[in-house]
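# Report on the structure
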Amino acid sequence: MFHRQKRSRALILALLCVSVFAPVVFISTKILDFTPSLEKEEFFDDSSGIKLSADSLKVNSIEEDLGHGLKEPEGFVFKDKDFHNIGISGNASAVNPPTLDGKLNAGVQNRNGVGRELQKQNGSASVGDRVEGLANGSTVEQKNKRQPPPVIDEKVKTMEDMLIMAKAYLHFAPASSNSRLVRELKLRIKEIERVVSQANKDSDLSRSALQKMKAMEVSLSKASKAYPDCSAMASKLRAMMYNNEEQLRAQKGQVSYLTQLAARTFPKGLHCLSMKLTSEYFSLQFEEREFPRRQNVQNLNLNHYAIFSDNILACAVVVNSTVSTSKEPEKNVFHVVTDSVNFPAMMMWFLLNPPGQATVHIQNFEDFKWLPSDYNSMLKQQGLRDPRFSSPLNHLRFYLPEIFPYLNKILLLDHDVVVQRDLRGLWNLDLKGKVNGAVDICRGESSHRLETLVNFSDPIIAKNFHPKKCIWAFGMNMFDLQAWRRHGLSRVYNKWLQLGKRRQLWKAGSLPLGQLIFYNQTVALGRQWHVLGLGLDSIIGKSEIERASVIHYDGNLKPWLDIAIGKYKNYWTKFLDYDKPYFQQCNIHG
């Protein structure tokens, strides 16, 4: 009996040992079996949350991701290689279309990140994401938190790329072809074009739009198999690109022409204003047509400004801005030179709107008896259609000593400038015996050198000038009229003008001619005096504009035109009172 109980106890103890140590032995064995897998970088994962096409689960794809450290795409590279399909995740597997380098992930999809983005939308992560997360000891969610936010229009851009590819594939089909693939591509193109026309960013895309995008991917994949010739595809794309560039060039030419046309057109409101002022002027008595303080016109102790203009509003802004920013407005004398058509209106404007304590002097250049009788015809050049380039008012600046024989210095202001600071300091500048004080605009750029305006293939130009000489700005120029007379620069102007009519020496306009006349006779002023480009450049910074003493709307986009750059217009309009009756009657507004 005793031995039987002893055997029973031993049996129970043996069973207890087996139940305790068997799991330990089993788990240790599994751990030993699993360790080599880690060394080989084989990962076992629950695939319930990831649905990938069969191609994307190949071992070589995982090894490639590991070997390259999951580098970000480097852009769109055009290469002739074999096509290779890589699936994208989703509720149903899909085959991606190839690009010119044979791999969608290195082309359209790799540039825009469509595959990975679609995986994230469907609540799944790519194999590469999971591999990197395990290697760094972090989860996919932690990795995604560190990534920058995706581009908001990447899918839209991808669809645009798909359109280009689809249209390129259509070129391979014969013109009369009505095959199933051709019909399918045409249908997909219409669908994607409709989606792209209605969406500017990814958030505008509906679920059906994304389904159309996947359908286009499948169609492109079929086309890549039907037309596998990469070199032919590259040639076709180059031809398409060339045609698009030609169309763009033609459209740019049309835009340039229309802009030039708008710049030459005199606004209806300004024409109305001129007519009303002219009518009022001729209703005045002769004694009412005189300005006060006429004795200041020849006073050498005052600050004299010259403005050549046929635009009443532009001239008003120059005078108003100069007076309002001047610390001694009573010392300012404005000499406005205009033509016979605008002379009565210009006179009436300043009689009705006197510039405070400043003096205004209006002259009609057609009353200058010393000008040649054929002066207007002298300025015309063959093939030059823009009347601004041959305008007498534009060229009269080269006769300043003759127009103002009683003055020693004068500050020339173009009628498309606005004065923002007191300019008294310009009359104290030492011009070192030279004629012109102006701001140079080359700033070390080759595009602003004399060779860009003047024809250095002509031996006369090449002999007398240096092609790399900096260009200086017209629009705000301090002229020493005594030095001008001493050097006889008005005669130099006439000589070059006549020579330029016989030979093509410079580009149209008076700026190139001025560069030649005042060559080696110009002193560079600080850039804070004069900022240009408000009529042609929309990237001038606000701080640069507000630091400038004078801002210049050079170019076609003048502030009194509808085509003006909106963000610069307020600097000009604030010097006009649009509540005046004439403005209301002529529908002139800021």
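Details of the structure are given in the entry above.
This write-up is about the structure you can find in this document. None of the values given here were measured: they were computed from a predicted structure.

Basis of the calculations
- Residues numbered from 1 in each chain as written.
- Predicted model: local features only at pLDDT ≥ 70, side-chain atom pairs only at ≥ 80, totals over all residues.
- Heavy atoms only, no water.
- 1 Å grid on protein atoms, 1.4 Å probe; cavity = no way out; pocket = protein on both sides within 12 Å on 5 of 7 lines; lining within 4 Å.
- Points joined across faces, edges and corners; volume = space filled by probe spheres on them.
- Buried < 20%, exposed > 50% of the residue type's maximum accessible area, 1.4 Å probe, protein only.
- Helix = DSSP H or I, 4+ residues; strand = E, 2+ residues; numbered from the N terminus.
- Pairing = 2+ DSSP bridges.
- Right-handed = clockwise from strand over helix to strand, strands pointing away.
- Contact = heavy atoms within 4.5 Å.
- Core = buried A, V, L, I, M, F, W, Y, C linked by side-chain atoms within 4.5 Å.

## Observations concerning empty space enclosed by the protein
- With the rule as written, the count across this model stands at two cavities of 30 Å³ or more.
- Taken as a whole, the largest cavity holds about 50 Å³ of empty space.
- Lining the largest cavity are Phe291, Pro292, Arg293, Phe350, Pro354, Pro355, Ala358, Thr359 and Val360.
- Taken as a whole, the second largest cavity encloses approximately 40 Å³ of empty space.

## Remarks on the pairing of strand S2 (residues 332-338)
- S2 sits mainly inside the fold: seven of its seven residues count as buried.
- Neither face of S2 is exposed, since Asn332, Phe334, Val336 and Thr338 on one face and Val333, His335 and Val337 on the opposite face are all buried.
- Pairing between strand S1 (residues 303-308) and S2: six bridges, direction parallel. Counterpart to His304 in the pairing with S2 is Val333.
- Read from S1 through helix H12 (residues 312-325) to S2, the crossover connection turns out right-handed.
- Across six bridges, the pairing between S2 and strand S3 (residues 359-364) is parallel. Counterpart to Phe334 in the pairing with S3 is Val360.
- Following the chain from S2 across helix H13 (residues 343-352) to the adjacent parallel S3, one finds a crossover that is right-handed.

## Digging into the sheet that holds strand S5 (residues 417-419)
- Across the sheet, three strands lie side by side as S5-S10-S9; this open sheet has mixed pairing. At either end of the open sheet lies a strand with only one pairing partner, and these are S5 and strand S9 (530-531).
- Relative to strand S10 (residues 550-552), S9 is paired through two bridges, and the arrangement is parallel. Across the sheet, the residue bridging to Val531 is Ile551, located in S10.

## Quick notes on the environment of Ala223
- Within the secondary structure, Ala223 sits in helix H9 (residues 207-226).
- A C-alpha to C-alpha distance of 9.9 Å links Ala223 and Glu184, two positions 39 residues apart in sequence.
- With residues near it in sequence (within four places) discarded, Ala223 still touches Tyr169, Leu181 and Leu185.

## So, the nonpolar core
- Within the largest apolar cluster, 66 residues are counted, with the highest numbers of intra-cluster contacts made by Leu273, Phe350, Ile362, Leu411, Leu426 and Trp572.
- Sorting elements by how many residues they give to this core places H12 first, with nine residues.
- Among residues more than four places away in sequence, those in contact with Phe350 are Phe291, Cys315, Ala316, Val319, Val360 and Ile362.
- Membership of the second largest hydrophobic core comes to 45 residues, among which are Ala306, Tyr399, Leu505 and Tyr519.

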